[in-house]
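Each chain, written out:
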Amino acid sequence: MKNIQQLFQSEDGNIHQREQLLVLLEKIVSSLDALKDPDITTLGPLKERPANFYRELMQEHQVPTTGIGLEEVVEQLTQLMQGHPYHTHNFVTNVLPMASIPGILGQFTNALLNGNNLWDVYGPAAAECEVKVVAMMSKLVGYDYTKSFGYTTWGGQGAVFSGLRLAIAKQFPHAKEDGVPNNLYCFASENAHYSLLKSIEAVGIGSKHLVRVKAGRDHSMDVADLHIRMTEVIENGGIPIYVVATTGATDQFGIDDVQAIKEVTTSLEKKYSLKPIHIHADSALGGFYAFFNDYDFKNNPLQFEQSVLQGLLQIQARMQHLAIADSLCFDFQKLGQTPYLTSLFLLKEGKHLELLDIEDFDTLYVGNRGYGSYHTGYTLECSRMGSSIAIFAALQAFGKEGYQQLLANYVQVNLVFRAQLTAKIPLLQVVNATTIGPVTAFRLYPDGLNWQSEQAGHYTQDQIEHINAMNASFFEIIGEGREEVFFGDTTRVCTVKASDTAQSVPIAAAKFFSISPYTETAHIPNMIDFLQEKLNVLEAAHHAYS
Ligand SMILES: *Cc1c(COP(=O)(O)O)cnc(C)c1O
């Protein structure tokens, strides 16, 4: 039994066991450091994963009869690091962040305490932090913190799901017992994340009742189309319950206009005597730009460049209306730079959580009472990890200004990337020039063709699909070089109308997504050279075939 006890933290705080733990931690961190190379995007060379790779892992592994000892375990852990992606300055694929030190320390503290965030008797640290970060972020977006509430949950996906549960419960409080009516409808932009699709399937509304609203030229929801589509549904006997406003879309950072969406829902509620329709701002990614809501743009204390200021003002024009939404989300594991999984769901009227609770739930003014007053019986999870601790640590360490600097830098490197790409490689064209933020979507065109004409609907379906195929080949080539510069890509950054069919055709594009704190404007020329090189490879391959 003594051996087994040695696998735990000490019971009494003795130095011997502490040092044992610290030595192992030191080994892990120094092994990681030994693999780091700022000029590549992996820890050591990329690992090949042949077709039978995972099958072999399954064949080879069983639980050892006797434990192998901590030294050996750590050895195996450090082997896992080899070939792992790492968020150096050339890491510009999707929103996969580097975990910041405060985030790691928060998560580590949470692991040491291993509190269960289900109940403050079991996880008081996480409960306290949850209440703190809910209030902090509520104040940031402009919710009344005495009314709002929220909790950490399973991703931006979990927040979209939680919003939907509430949307149903608010209109049909007995749906929990009776099941959901079969005429409910949800609405989101065609550029929305697929979280809503999965949620609608899961609650039993059925994905045929997801209405995809057109997006406009700036990639945000076409609010006139929302009005038309909602009216259609209502006139045909459907009940609209949930509108997801994407505030910072994952592929091109389109920002839906929450204020305009609210005007549509309220006017329809009035006209047809409907119950309030729940609006969820899917701000998982973009919500962090609310850090600029009270930035002093006039005096510009952090001395951002003029172009960056302009960009931030454009984002702020939309983000300042986040508080109109009934619920929203912050994925701290994205622009909050904390480890997975640290998503925060916020609800304007916290009292509505009562509708989801499994037991009596009288008041939400929690955190200021004594023993055992904080039960999260309204979450879909039972036991919950205390990810609020990592969020809290990051908010404290960065402060508003730290986040402002980080987020402004993402905008700045994107602006510089766009300018240099446009100047140097005209065949690669920016398709989201109207949206400012951490991502640039760019698309390869055959000589003479361009995004402007394509977006205006001048190309045939065949032409668009041909350009998509060309881009797919390009993604393969830049993807093979991801060790050097790790770009992202998407098969549908938006859709455009074809000139010869009634179809809206998806547009494929490569992505420059700045997420590493180490990416700076000085690194852009090298990335442009990389893209030119890969274009040459594509052209050479093309000539070889033809
Ligand atoms: C990332 C993202 C999601 C999904 O979030 P997860 O944390 O991966 O579950 C949903 N919506 C938007 C806009 C996102 O960017």
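Given the structure is predicted, the values throughout are model-derived calculations rather than measurements.

Enquirer: Would you mind showing me how to read helix H7 (residues 155–171) here?
Expert: Each α-helix turn comprises 3.6 residues. Residues three or four places apart therefore point the same way. The end-to-end C-alpha distance of H7 is 25 Å, a good match for the 24 Å that 17 residues give at a rise of 1.5 Å each. Taken across its 17 residues, H7 has 15 buried, putting it largely inside the fold.

Enquirer: Teacher, can you tell me more about the site of the ligand here?
Expert: The environment of the ligand is made up of 13 residues, and the closest members are Gly156, Asp282, Asp331, Gln333 and Lys334. Within the contact set of the ligand, an oxygen atom lies 2.8 Å away from a backbone nitrogen or oxygen of glycine 156. At a separation of 3.1 Å, an oxygen atom of the ligand approaches a polar side-chain atom of threonine 250. In the complex, 85% of the free accessible area of the ligand, which totals 380 Å², lies under the protein chains. More than half of the atoms belonging to the ligand lie within 2 Å of the grid points that define the second largest pocket. By residue number, the principal contributor to the shell around the ligand is H7, which donates three residues.

Enquirer: Before we go on, may I ask you to explain the pattern of salt bridges in this structure?
Expert: Proximity of charged atoms lets side chains of opposite charge pair with each other. Following the criterion strictly, the structure yields 12 salt bridges and no others. Close ionic contact of arginine 229 with glutamate 232 constitutes a salt bridge, the shortest N to O distance being 3.4 Å. Of this pair, arginine 229 and glutamate 232 are both found in helix H10 (residues 223–235), three residues apart, which corresponds to roughly one turn of the helix. With a shortest N-O distance of 3.3 Å, glutamate 349 and lysine 351 are connected by a salt bridge. Owing to a relative accessible area of 26%, glutamate 349 belongs among the partly exposed residues under this scheme. Three or more residues are tied together by salt bridges with common partners; here these are Asp218, Asp257 and Arg318.

Enquirer: Help me out: how do you make sense of the packing of aromatic side chains in this one?
Expert: Aromatic rings considered in pairs are described by the distance between their centres and by the relative angle of their planes. Tallied over the full model, the rule gives 25 aromatic pairs. Ring geometry for tryptophan 154 and phenylalanine 161: centres 5.5 Å apart, planes at 50 degrees, overall tilted. Tryptophan 154 gets classed as partly exposed once you look at its relative accessible area, which sits at 30%. Residue classification places phenylalanine 161 among the buried residues on the basis of a relative accessible area of 9%.

Enquirer: Quick question: what am I supposed to make of the sheet that holds strand E9 (residues 428–430) here?
Expert: Spatially, the five strands line up as an open sheet ordered E1-E11-E12-E10-E9, and their pairing is mixed. For this open sheet the edge positions go to strand E1 (91–92) and E9, each flanked by a neighbour on one side alone. Sheet strands in contact with helix H13 (residues 388–424) are E9, strand E10 (439–444), strand E11 (486–497) and strand E12 (504–513), and its direction is about 20 degrees off that of E10. Lying over the sheet, helix H15 (residues 461–480) contacts E9, E10, E11 and E12, oriented at roughly 25 degrees with respect to E12.

Enquirer: Would you explain the pairing of strand E3 (residues 184–189) in this entry?
Expert: Every other side chain in a regular strand lies on the same face of the sheet, so the side chains alternate between the two faces. Of all six residues in E3, six are buried, a share of seventy percent or more. Side-chain alternation along E3 places Leu184, Cys186 and Ala188 on one buried face and Tyr185, Phe187 and Ser189 on a second face that is also buried. Bridging between E3 and strand E4 (residues 210–213) involves four bridges; their strand directions are parallel. Bridge pairing links cysteine 186 to leucine 210 in E4.

Enquirer: How should I be thinking about the environment of leucine 210 in this particular structure?
Expert: Along the chain, leucine 210 turns up in strand E4. Distance in space between the C-alpha atoms of leucine 210 and lysine 36 is 45 Å, their sequence separation being 174 residues.

Enquirer: Hey, could you run me through the packing of helix H5 (residues 101–113) against H13 in this one?
Expert: For the pair H5 and H13, the least separation of the axes is 7 Å and the interaxial angle reads 145 degrees. As H5 packs across H13, the resulting crossing turns out to be right-handed. Contact with H5, carried on its side by Pro102, Gly103, Gly106, Gln107, Thr109 and Asn110, involves Ile389, Ala390, Ala393, Ala394, Ala397 and Phe398 of H13 and no other residues of that element. Class assignment for the residues of the contact of H5 with H13 results in seven nonpolar, five polar and no charged.

Quick notes on the rules
Residues numbered from 1 in each chain as written. Predicted model: local features only at pLDDT ≥ 70, side-chain atom pairs only at ≥ 80, totals over all residues. Heavy atoms only, no water. Helix = DSSP H or I, 4+ residues; strand = E, 2+ residues; numbered from the N terminus. Expected span 1.5 Å × (residues − 1). Buried < 20%, exposed > 50% of the residue type's maximum accessible area, 1.4 Å probe, protein only. Near = heavy atom within 4 Å. Polar contact = N/O pair within 3.5 Å; in protein donor to acceptor, adjacent residues only side chain to side chain. Areas by Shrake-Rupley, 256 points an atom, 1.4 Å probe, with all protein chains shown as cover. 1 Å grid on protein atoms, 1.4 Å probe; cavity = no way out; pocket = protein on both sides within 12 Å on 5 of 7 lines; lining within 4 Å. Sits in = over half its atoms within 2 Å of the grid points. Salt bridge = Lys/Arg side-chain N within 4 Å of Asp/Glu carboxyl O. Phe/Tyr/Trp six-rings, centres within 6.5 Å; stacked < 30°, edge-to-face > 60°. Pairing = 2+ DSSP bridges. Contact = heavy atoms within 4.5 Å. Axes fitted to C-alpha atoms, helices over the stretch in contact; angles between N-to-C directions. Left-handed = near helix turned anticlockwise from the far one by under 90°. Nonpolar A, V, L, I, M, F, W, Y, C, P; charged D, E, K, R; others polar.

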